Structure formats: C-alpha cells, structure tokens
Amino acid sequence: MKSKRAPFFEVIAGVLMVVIGFILWWWSKQLIWIQIYPQPIAKSLIESVPLVFWATGVILVIDGFRRRLTNNQTRFSL
C-alpha cells in the first residue's frame, strides 16, 4: 500500500486492536463459570486471544509511526 494515508490507518487499526484486546481481557475476567470449571483448551484460548490482539496492535502502531517518520525524512531530504 503506497498511499500517504497508510501509516495513519495502520496506527488507527493498531489502537483499535489494543482496545479490542482490553475489552476481551475484561470480558474473560468476568467469566466466573469458566474459571470454576474450565475446559483446558477453552481457558488457554480465552486467556491468549487478548495477548494476540495486544501484540498485533502494538506492532501495527510502531510500524505506522516508523512509516510516518521515514516518509517525513525522505520528503525533507529531497
């Protein structure tokens, strides 16, 4: 994607994924019934999905800022 707005959308998508990860983490802490009698795979899946969203969101935000900075540096160096 060679658009000038790509880093902006990447940062927005990253922040959105971090927020979704937080909501999923909060929701998983509210599931009392699954904490009392959890299925082994279900519990590990419920605990790991927010981490995947957080990691992906942080990577997108960092990459978006990196692209934005490199685009500004190349624009000023010409």
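Shown above is the structure to which this text applies.
Residues numbered from 1 in each chain as written. Predicted model: local features only at pLDDT ≥ 70, side-chain atom pairs only at ≥ 80, totals over all residues. Heavy atoms only, no water.

Trainee: Help me understand the pattern of salt bridges in this model?
Mentor: Side chains that differ in charge, positive against negative, can pair when their charged atoms come close. One pass over the structure, following the stated rule, counts three salt bridges. A salt bridge links Glu10 to Arg67; the nearest nitrogen and oxygen atoms lie 3.5 Å apart. Taken together, the positions of Glu10 in helix H1 (residues 6–30) and Arg67 in helix H3 (residues 40–77) put the pair 57 residues apart, joining distant regions of the chain. Among the residues examined, Arg67 registers a relative accessible area of 29% and is labelled partly exposed. Of the charged contacts in the structure, one is a salt bridge between Arg67 and Asp63, with a shortest N-O distance of 3.6 Å. Taken together, the positions of Arg67 and Asp63, both in helix H3 and four residues apart, correspond to about one turn of that helix. (Salt bridge = Lys/Arg side-chain N within 4 Å of Asp/Glu carboxyl O. Helix = DSSP H or I, 4+ residues; strand = E, 2+ residues; numbered from the N terminus. Buried < 20%, exposed > 50% of the residue type's maximum accessible area, 1.4 Å probe, protein only.)

Trainee: Explanation requested: the environment of Gly14 in the structure shown.
Mentor: As for its placement among the helices and strands, Gly14 is situated in helix H1. Taking the C-alpha atoms as reference points, Gly14 and Ile62, separated by 48 residues in sequence, lie 8.6 Å from one another. Those residues in contact with Gly14 that lie beyond four places of it in its chain are Gly57, Leu60 and Val61. (Contact = heavy atoms within 4.5 Å.)

Trainee: Could you clarify how one ought to interpret the environment of Ala55 in this entry?
Mentor: Following the sequence through the fold, Ala55 ends up in helix H3. Residues Ala55 and Gly14, 41 residues apart in the sequence, show an inter-C-alpha distance of 9.2 Å.

Trainee: Before we go on, may I ask you to explain H1 in this structure?
Mentor: Given a rise of 1.5 Å per residue, 25 residues ought to cover 36 Å, and the 36 Å separating the end C-alpha atoms of H1 matches this to within 8%. Along H1, the residues that are buried comprise Ala6, Pro7, Glu10, Val11, Gly14, Gly21 and Ser28. (Expected span 1.5 Å × (residues − 1).)

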